[in-house]
Amino acid sequence: MPVVDALRARLGPDRVLVAEAARGPHRDSWVMSILEEVHGAAPSLPACVVRPQTTAEVVEVVKACGAHGAPLVPFGLGSGVCGGIRPSAESVVLDLGGLHRVRTIDVANLTATFEAGMRGSEAEAAVNRAGLTIGHFPQSHEVSSVGGWVATRSSGQLSNRYGNIEDLILGLEVVLPSGEVLTTPVTPRASIGPSLVELFLGSEGTLGVITAVVLSLHRAPERREVTAWYARDFEAGVEAVRAIHQAGWSPAVSRLLDPGDARRLLPTHARGGQSLLLFVHEGPARLVEVELEACSTLARGAGCEPAPAEATSTWLEHRNQVPSFPELIRQGIVFDTIDLSSTWDKVVPLYRAFLASVGSQAHLLLASAHVSHAYRSGANLYLTFALRPPEPSAMREAYWGCWREVMARTLEVGGCISHHHGIGRVRLGWMEAQLGTAGVGVLRNLKTSLDPQWIMNPGVVVQRG
Ligand SMILES: Cc1cc2nc3c(=O)[nH]c(=O)nc-3n(C[C@H](O)[C@H](O)[C@H](O)COP(=O)(O)OP(=O)(O)OC[C@H]3O[C@@H](n4cnc5c(N)ncnc54)[C@H](O)[C@@H]3O)c2cc1C
């Protein structure tokens, strides 16, 4: 293919991988892609995978793809769960794994600059050595990249204290579809027109290639304490979390597991039909002391009863263990998670709508939920479902049946269709209902203006129309 020859000429043959084994693993972790693979569908392989080592080499890749009109699909570490990476046969996958260095750690300003392909857990380890923390701990911490965090607008499990990725980011280096390199100023805040950093948060590879990210850091916490509580039901637990966050407290974790999630994730500590509320307090020692006391008082005031603190320690220890999707699919089980968000008044209605709709699907094994990111004006709702249809051929339709129900009920109730996983391909069909024709029109015009050929990860976030 001419684009492959052009890439070889620009980068040298060792940066351009064409062997089938090298092209194969470059998709994300969307259940539908895994299901197709397990069911024996031929994987969709790109024309080649390029592994640049520098921003200048990324520029060469973007220019070569532009000259040949070849779709270009950025790949961080492939932990995305929305189908954001499904390269077509004529596309080029840009694997950011060669950009994996720490550029700077500035202890005085509490900033660090990471190349975009750096593994999240390695970035955290690097700043830990200086007594600092990024504070961004998605469950996929060890299998996601810093650039991927930005590209998907991700959230960490301790976001209540440290913020989501948009609260941590100070600056970006992006290779635009034109081949120009955009470097945003590094400053704690700016009033210089609309934020160019925001433009790329959640862009999922459609507007440019993020090559470096400047994050604001925190000093490592002095102290950590944990508590756990039983709430008589999910509604009472939501009230407790709301009361705490609206009173101005920000426990690093305030995680409310409904009875189903409590039984599945912490069976030793689950109690009947009650919900389980887990708190992690961390930061300066005196703050932790006061916050723990205040949150405990507010939890009691909302009718919660103390549960063994060990429930929270156990969750902390095992929080990143997840079932193997291929293994579940081989057992005939379709399993997925859906992250939503809403203002406080809609959290419980969304939860009830989920239980009523997905909970009544045929061949259901599991429908459960938790709240894990709380704000003054609302929270997320994280849903899990599993079904086992009688025939493997029915798994796909069963999967989409649940998604259609959740998306439709969310929009009906007035919630938001994603809190942190993003759009990819799985939510594409609901973008217009969520944003309106005007909103999707803005995204489409933005895309056309930055990427007139629509070569940057086409088919994701917004359709050409
Ligand atoms: C077990 C598990 C747990 C998870 N837990 C969480 C969680 O707690 N919080 C959370 O927010 N998410 C979570 N996720 C989702 C996923 O880990 C995040 O979306 C993560 O940010 C993706 O990073 P990545 O490097 O793997 O990106 P990839 O999967 O490689 O890419 C994701 C998207 O971003 C684009 N992209 C990647 N890198 C770049 C770049 N440098 N420039 C431009 N575009 C780029 C890709 O084209 C793609 O569209 C989880 C996923 C799994 C499998």
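Residues numbered from 1 in each chain as written. Predicted model: local features only at pLDDT ≥ 70, side-chain atom pairs only at ≥ 80, totals over all residues. Heavy atoms only, no water.

1. Digging into the packing of helix α15 (residues 344-357) against helix α16 (residues 395-413)
Where α15 contacts α16, the two axes come as close as 10 Å, and the packing angle between them is 150°. By the angle between their directions, the pair α15 and α16 is classed as roughly antiparallel. In this structure, α15 meets α16 at a crossing whose hand is right-handed. Contact with α15, carried on its side by Lys346, Pro349, Leu350, Ala353, Phe354 and Ser357, involves Glu405, Val406, Arg409, Thr410 and Val413 of α16 and no other residues of that element. (Axes fitted to C-alpha atoms, helices over the stretch in contact; angles between N-to-C directions. Helix = DSSP H or I, 4+ residues; strand = E, 2+ residues; numbered from the N terminus. Parallel < 35°, antiparallel > 145°, perpendicular 65-115°, else oblique. Left-handed = near helix turned anticlockwise from the far one by under 90°. Contact = heavy atoms within 4.5 Å.)

2. Re unusual backbone geometry
Even without glycine at this site, Arg153 takes up a positive phi of about 60°. Looking at the secondary structure, you find Arg153 in the loop between α6 (146-152) and α7 (159-162). Overall, the relative accessible area of 29% leaves Arg153 in the partly exposed class. Backbone geometry places Trp454, a non-glycine residue, at a positive phi of 55°. By the element assignment, Trp454 lies in the segment after α17 (431-450). (Buried < 20%, exposed > 50% of the residue type's maximum accessible area, 1.4 Å probe, protein only.)

3. Side note on helix α13 (residues 310-318)
Here α13 has its buried residues at Ala311, Thr312, Trp315 and Leu316. Buried residues along α13 cover an arc of 135° about the axis, so they all sit on one side. Looking at the buried side of α13, the elements it contacts are β12 (223-231), β13 (253-257) and β14 (275-283). (Arc of directions from axis to C-beta.)

4. What about the packing of helix α1 (residues 2-11) against helix α4 (residues 55-68)?
Running from N to C, α1 and α4 point in directions that differ by 150°, and their axes come no closer than 9 Å. The angle between α1 and α4 falls in the class roughly antiparallel. Considering only the axes of α1 and α4, their crossing is right-handed. Packed against α1, whose contacting residues are Pro2, Val3, Ala6, Leu7, Arg10 and Leu11, the element α4 presents Glu57, Glu60, Val61, Lys63, Ala64, Cys65 and His68 at the interface.

5. What about the pattern of salt bridges?
Throughout the structure, instances matching the rule amount to 26 salt bridges. A salt bridge links Glu36 to Arg86; the nearest nitrogen and oxygen atoms lie 3.3 Å apart. Separated by 50 residues along the polypeptide, Glu36 in helix α3 (residues 31-38) and Arg86 in the loop between β3 (72-75) and β4 (92-95) bring together distant segments of the chain. We classify Glu36 as partly exposed; its relative accessible area is 24%. Judged by its relative accessible area of 25%, Arg86 is partly exposed. Linking Arg352 and Glu235 is a salt bridge whose minimum nitrogen-to-oxygen distance equals 3.0 Å. Of the two residues, Arg352 sits in helix α15 while Glu235 sits in helix α10 (residues 234-246), which places them 117 residues apart along the sequence. The exposure class assigned to Glu235 is partly exposed, which follows from its relative accessible area of 24%. What you see here is one network of salt bridges that share partners, running through Arg101, Arg103, Glu115 and Glu173. (Salt bridge = Lys/Arg side-chain N within 4 Å of Asp/Glu carboxyl O.)

6. Some words on the pairing of strand β17 (residues 364-371)
Of all the eight residues making up β17, six are buried; the element is thus mostly covered by neighbouring parts of the structure. In the sheet, β13 pairs with β17 via two bridges, with the strands oriented antiparallel. The residue of β17 that forms the bridge with Leu257 is His370. Bridge count between β17 and strand β19 (residues 378-387): six bridges; the pairing is antiparallel. Within β19, the position partnered with Ala369 by the bridge is Leu383. (Pairing = 2+ DSSP bridges.)

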